[in-house]
Structure formats: structure tokens, C-alpha cells
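Remarks on the overall topology
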Amino acid sequence: MLQDHPLLVEYVKGLMDPPSSLPLNLTKPHLTDFSQHGQTQYAVLHFLGAMRGGFFVEAGAADGEYLSNSLYLEREREWWGLLVEAVPDSYSLLRHRHRHVYTLQAALATTPRAGRVLVRQVGKFGELSSVDDTITYSMVKKKSNKNNVKGNEMQVRGREHVLKTIPWDEVKIRLMCVECNKDKSKGLERLAKPQTVTTALGQLVNKSFSTSNAAQRKVAVMGASGGIGQPLSMLLKNSPLVTQLSLYDIVHTPGVAADLSHIETPAKVTGYVGPEQLADSLKGCEVVVIPAGVPRKPGMTRDDLFNTNASIVANLTKACAENCPKAMICIISNPVNSTVPIAAEMYKKAGVDASRIFGVTTLDIVRANTFVAELKGLDPANVNVPVIGGHAGVTIIPLISQATPSVQFPEDQLKALTERIQDAGTEVVKAKAGAGSATLSMAYAGARFAFSMIKAMNGEAGVVECAYIRSNVTEATYFSTPLVLGPNGMEKNLGLGKLTPFESKLVEVALPELKSSIKKGESFAANV
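Residues numbered from 1 in each chain as written. Predicted model: local features only at pLDDT ≥ 70, side-chain atom pairs only at ≥ 80, totals over all residues. Heavy atoms only, no water.

1. Quick word on the packing of helix 11 (residues 336-350) against helix 16 (residues 501-526)
Helices that pack against each other are described as a pair by the angle of their axes relative to one another and the distance between those axes. Note the cut-off: Only the stretch in contact is used when fitting a helix axis, every axis being a line fitted to C-alpha atoms; angles between N-to-C directions are given from 0 to 180 degrees. In this text, helices come from DSSP runs of H or I with a minimum length of four residues, and strands from runs of E with a minimum of two, each type numbered from the N-terminal end. Left-handed describes a crossing whose near helix is turned anticlockwise from the far helix by less than a right angle; the clockwise case is right-handed. Here, residues are in contact when the closest pair of their heavy atoms is within 4.5 Å. Gly is put with the polar residues, along with every residue not named as nonpolar or charged; the nonpolar set is Ala, Val, Leu, Ile, Met, Phe, Trp, Tyr, Cys and Pro, and the charged set is Asp, Glu, Lys and Arg.
At their nearest, the axes of helix 11 and helix 16 sit 8 Å apart, and the two run at 40 degrees to each other. Crossing of helix 11 against helix 16: the hand is right-handed. Across the interface between the two elements, Asn-337, Ser-338, Pro-341, Ile-342, Glu-345, Met-346 and Lys-349 of helix 11 pack against Leu-514, Ser-517, Ile-518, Lys-520, Gly-521, Glu-522, Phe-524, Ala-525 and Ala-526 of helix 16. In terms of residue class, the contact of helix 11 with helix 16 is made up of eight nonpolar, four polar and four charged.

2. Describing the layout of surface pockets
Note the following rule: With a 1 Å grid spanning the protein atoms alone, the term cavity applies to any set of points in which a 1.4 Å probe fits but cannot get out, the term pocket to an open set with protein on both sides within 12 Å along at least five of seven lines, and the term lining residue to any residue with an atom within 4 Å of a point. Grid points are joined across faces, edges and corners, and a volume is the space filled by probe spheres set on the points.
What the second largest pocket holds in volume is close to 700 Å³. What lines the second largest pocket is a set of 38 residues, and nearest its centre among them are Pro-291, Ala-292, Gly-293, Val-294 and Pro-295. Where the lining of the second largest pocket is concerned, the elements lending two or more residues are strand 11 (244-249), helix 10 (306-323), helix 12 (362-376) and helix 14 (424-431). Here the element with the most residues in the lining of the second largest pocket is helix 10; it accounts for four residues. Among the residues making up the lining of the second largest pocket, the classes are represented as 19 nonpolar, 15 polar and four charged.

3. Regarding the packing of helix 7 (residues 229-237) against helix 8 (residues 253-261)
Contact geometry of helix 7 with helix 8 gives a least axis separation of 11 Å together with a crossing angle of 35 degrees. Here helix 7 and helix 8 pass one another in a crossing that is right-handed. On the side of helix 7, the interface is formed by Gln-230, Ser-233, Met-234 and Lys-237, while helix 8 contributes Val-256, Leu-260 and Ser-261. Across the contact of helix 7 with helix 8, the residue classes tally to three nonpolar, three polar and one charged.

4. Description of the pattern of salt bridges
Definition in use: Here, a salt bridge means any side-chain nitrogen of Lys or Arg that lies within 4 Å of a carboxyl oxygen of Asp or Glu. Exposure is judged per residue with a 1.4 Å probe applied to protein chains only, and the accessible area is read against the type maximum: over 50% gives exposed, under 20% gives buried, and values in between give partly exposed.
In total, this model carries 15 salt bridges according to the counting rule given. For Glu-65, the salt bridge identified is with Arg-97, shortest N-O distance 3.3 Å. Taken as a pair, Glu-65 in the loop between strand 1 (55-59) and helix 3 (71-76) and Arg-97 in the loop between helix 4 (88-96) and strand 3 (102-104) lie far apart in primary sequence, 32 residues in all. Accessibility assignment for this pair places Glu-65 and Arg-97 in one class, buried. Residue Glu-374 is joined to Arg-420 by a salt bridge in which the shortest nitrogen-to-oxygen separation is 3.5 Å. A residue pair is termed long-range when its members are at least 10 positions apart, and Glu-374 in helix 12 and Arg-420 in helix 13 (residues 411-422) qualify at 46 residues.

5. Digging into helix 8
To keep things clear, this is the line we draw: The directions considered for the arc are those from the helix axis to the C-beta atoms.
Among the residues of helix 8, Thr-253, Val-256, Ala-257 and Leu-260 are the ones counted as buried. The buried residues of helix 8 occupy an angular sector of 100 degrees when the element is viewed end-on, so they sit on one face. Packing partners of the buried residues in helix 8 comprise helix 7, strand 11 and strand 12 (268-273).

6. Quick word on the nonpolar core
Under the convention used in this document: Each nonpolar core is a collection of buried residues, namely Ala, Val, Leu, Ile, Met, Phe, Trp, Tyr and Cys, held together in the definition by side-chain atoms within 4.5 Å.
Counting residues in each nonpolar core, the largest one holds 41 residues, and the members touching the most others are Leu-236, Leu-247, Val-287 and Phe-358. Among the elements that line this core, the one with the most residues is helix 15 (residues 440-457), at 11 residues. With 40 residues, the next largest nonpolar core counts Tyr-272, Ala-327, Ile-357 and Ile-388 among its residues.

7. Considering the confidence of the model for the protein
Here is the rule we go by: Confidence of the predictor at the level of single residues is captured by pLDDT, which takes values from 0 to 100.
Residues of the protein with pLDDT of at least 70 account for 72%, and the chain-wide mean is 81. In the model, residues 1-5 has pLDDT below 50 throughout and makes 16 contacts with residues more than four positions away in sequence or in other chains. Low pLDDT (under 50) marks residues 119-154, which in the prediction has 143 contacts with non-local residues, meaning those over four places away or in another chain.

8. Side note on the packing of aromatic side chains
Inclusion rule: Two rings from Phe, Tyr or Trp (for Trp, the six-membered ring) form a pair when their centres are within 6.5 Å of each other. A pair whose planes differ by under 30 degrees is stacked, one over 60 is edge-to-face, and the rest are tilted. Charge-over-ring contacts are defined here by two conditions on Lys NZ or Arg CZ: a distance within 6 Å of the ring centre and an angle within 35 degrees of the ring normal.
Summed over all chains, the structure comprises three aromatic pairs. Relative to Phe-524, the ring of Phe-306 lies with its centre 5.6 Å away and its plane at 85 degrees, an arrangement referred to as edge-to-face. Of the two residues, Phe-306 sits in helix 10 while Phe-524 sits in helix 16, which places them 218 residues apart along the sequence. Overall, Phe-524 belongs to the partly exposed group, its relative accessible area being 22%. Summarising the aromatic geometry, the rings of Phe-358 and Phe-449 are spaced 6.0 Å apart at their centres and angled 55 degrees between planes, so their arrangement reads as tilted. Placement of Phe-358 in strand 15 (residues 357-359) and of Phe-449 in helix 15 is noted, with a sequence separation of 91 residues between them. Across the pair, Phe-449 and Phe-358 agree in class, each one buried. In this structure, Lys-376 is placed above the aromatic ring of Phe-409, and the distance from its NZ or CZ to the ring centre is 4.5 Å. Just above the ring of Phe-371 sits the side chain of Arg-420; from NZ or CZ to the centre is 3.7 Å.

Take a look at the structure:
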């Protein structure tokens, strides 16, 4: 029976199950992206921007959770759509997930005719063991009354020619992900008609997916051979958000770049070494992360680092102002309370807008999340504690009262927790016994901030991170608060929020220290 036959269309309508009205029933509700390699977030971020409320079709939906390419869209982006799964056991589990979309127990036909399909369960997935055709894409379109599909994911391994049955002239698909056999990846364009796809034909082939139409983000790490720089560079190399990685240091960078270039991810890595290559390392960069400088040693305060690191940051940010003036500058080099004002003054001297300079205080948030989670028996990945103020000692102000989820501590425990967060850097320095400072956790925090910045630049809405910036929120001219990030940097400063008397006292104590550190940085820059 041909796919457009009205009796057949009505038959399929009767097979389709409506969306569930019950809460989602997931085995791992804490996950955000359930897809195998994070490709859902990647694809949405690069191809669909901040789009909400779209319509998707996922053929080969399995149990509706395991390796799902649509669950992120449904939960995080308020999309709706249709899940198609042929295997009875998998479809039963799919229905048990209570997905808020239409579901259909069927398989897509490999010809324009519909019929029956025999399947068998293989592990978590099913396998077509004998095909006498099935339902067609045209019938799916007619039932859903959707001619404009924003996201389409198909698992067609071994049956790539199913793409020929899609009525390309009748339906517009903005983004298509095709999971196919590797040897079939070349030539998918001949089976589809990508000129009718309004954004891209995304080809998911084993572990790889096309980035040809993705936002091309070039990121530089200044101080890439150091204790923070090397692990930070590796985290950036592993991210699909980064397409070019520029590594700079005064020694060893070509070796670090060669080492990282062997990792099987798309980002292209280039190493630059020495002052004569500094300008070239920054050209075309959109995000610059600066961990350069000497580390803390036992007995040293962040101010003890000032003379050496101040000069390094001044020279690097002067080069940024000259070679990539519109890049987002993420400063890790300590003392951040002083180095950020130094960077801003260097930009002012160059006549460049300094509003894209951010002091990375993310490690304080990471530590606060971890310590609170440990005390309350929570998953730290689901805890968020805003930390305001600065990035040294008493200027670090964790706002436990604003934590998500809400937590409470007795007064003595709250005081001890606050002091541990403030002194956590010293805790690591002492534990390493002269062998270094917090390099690995700082690399993680620096990468987290860089990824958030890139996501915001790519148009993702609602990206919030705390950062130390020029501010009028308090008497201190620089102050860290939660920020909504956007394509041009800070979109909105969320301010202090409602403080408890304990937290207000912490701010009061921090301000004189912050003012002193800011003045010290600005005075240094004035004499450079």
C-alpha cells in the first residue's frame, strides 16, 4: 500500500500514543544531556542557538533515555515531538519513561511503501531481522501535521537508503543527525537533499560529527606550559566548543602543542613560544584565558606573587588589546584582585573597551559546591553556591543562604565552612608541601568558565557565572557577583541578592582589603 493512501494514514494515527501527563520517570534524572558523546547540546548550541519550543522526530528512540538524542531538547528547551521505536521491549520501557511527546511503535520504511517489519531485541537496542517495509516518513509527517521539523535524529545503520523515502520537497528539516555505519558516511548527501535543509545536514558517524557549520571559536591559553596551563589546555582541546587552540608560553609550548595535537578531537592546536611570537598567538582569538605566572608556595600570600605576576599580566593584556581587542579575557593569574584592575588599565591606555575582562573566581564556587555537598550528602554536580567579593582570603564571600538546593547550617558550622572555602587554596599548597598550588582544580574551574563564555557567545540563553569585574554594586570598583553572560560578554549583573547579617558582615570585612588590592593594581599599571 503506498505511503499516501488515506486508509494507511488513518491506521497509523491509531497506532500513535499521546504524550504522558505524568512526571518523567528517568533512571538518571541528574543528567542534562543523555546523548552518547554530548552531541545533542553541541548540535543545538552550534546550529539552533537558543531556540525553544521546536518539534523533533527521533527514529530509533530505544528506551527513551539511554543515549537519547531528544531528551535534552524536551527537558531543557521545552521542545515536543515524536519518538519512533520498533522493538517491543524497548517501546515498553519508552512508554514507562513518561515522555511528554508522541510515541509510535514502528520502524521507518526503506521504500515509499509501508508494510510489516520483524525485529528482535539485542542488548539495549533492537535489530531489524526481516523487513517487508514499514511505516513511512510521509505518514509520520501527515499524522503530526508538521512540515517544519527543527530537529531530526535517525539511527539507520546498515539501511542508509531510508533517507530516500523522506519527502524533502514537502518538509523542511533544520537540523538532521544521521547515525550510520562508518563506511556509509560519505555519500549521505546523495541519499538526502541537503539543499532543502535550512541549516545543515549533521552527520553523526560513530564518535565523530560534522562541525563544518559550527561557530568557529579560537581560544588562546597564555601560560600554556605551566601547572595550570597544561591541564587547562587539555580540557579545552577535548571540548567540541573549541575549534582552534592557540598555546603561548615563554618555554616548552611547541612540545605541549604537539602532545595535545595527538588527541582525537577536532580542535586544531598551535604552539607559540617567546615574546617574538606573542602577537601571532593572539591574532583572531575570541577567548583568551590567562593562567600565566608563578605559583604560590608555602608561606606565600597572593600579594607575595604581585611583583612578578603583575608584570606578566600587564604585558599579556597589552598584547591582547593590540591583537584581539574584542576577545573575552579570562584572568586566572593571581592576585586576581589586583591583576584584573591592571588588565583594565592596560586596555584603557590602548584606548580599548575593558568591559570584556573577567577575573575567574570560578574555583571558589567549585569548592563551595563541593564542600556543601560533602556536608549535606548531596551530588556536587547539582549544588550551586554563589561566591561574591574577590579571590583571596577574606574577600571570598560564599553566599550559603542563596545556595541551590537550599541548605542550612548551625552558626559554628557555617563559620567553619566559610573559612574553609576562603582558605582552600592554602589547604592545597600545604598538602602539596612545596610542590605547587591548586593547579588541577583551577584548570577545571578555568575551563568551566571558558566553556560558559563560549556557550553565551554562541547564543545560549541563561548562562550564569560569578566573575570579578569592574562594578558599581559596592564601594569597591571591582567586585565579583553572579553575571548573566551573553554574546558580547556581561549581559546583566545580578548583584548581591538578599544577604543574611552574617554575609553582610563578610562583605563589610572584605571591602577594605579589596579597595587596597585594586589601588595597588591600578598604581602599578599607571607606572608601566
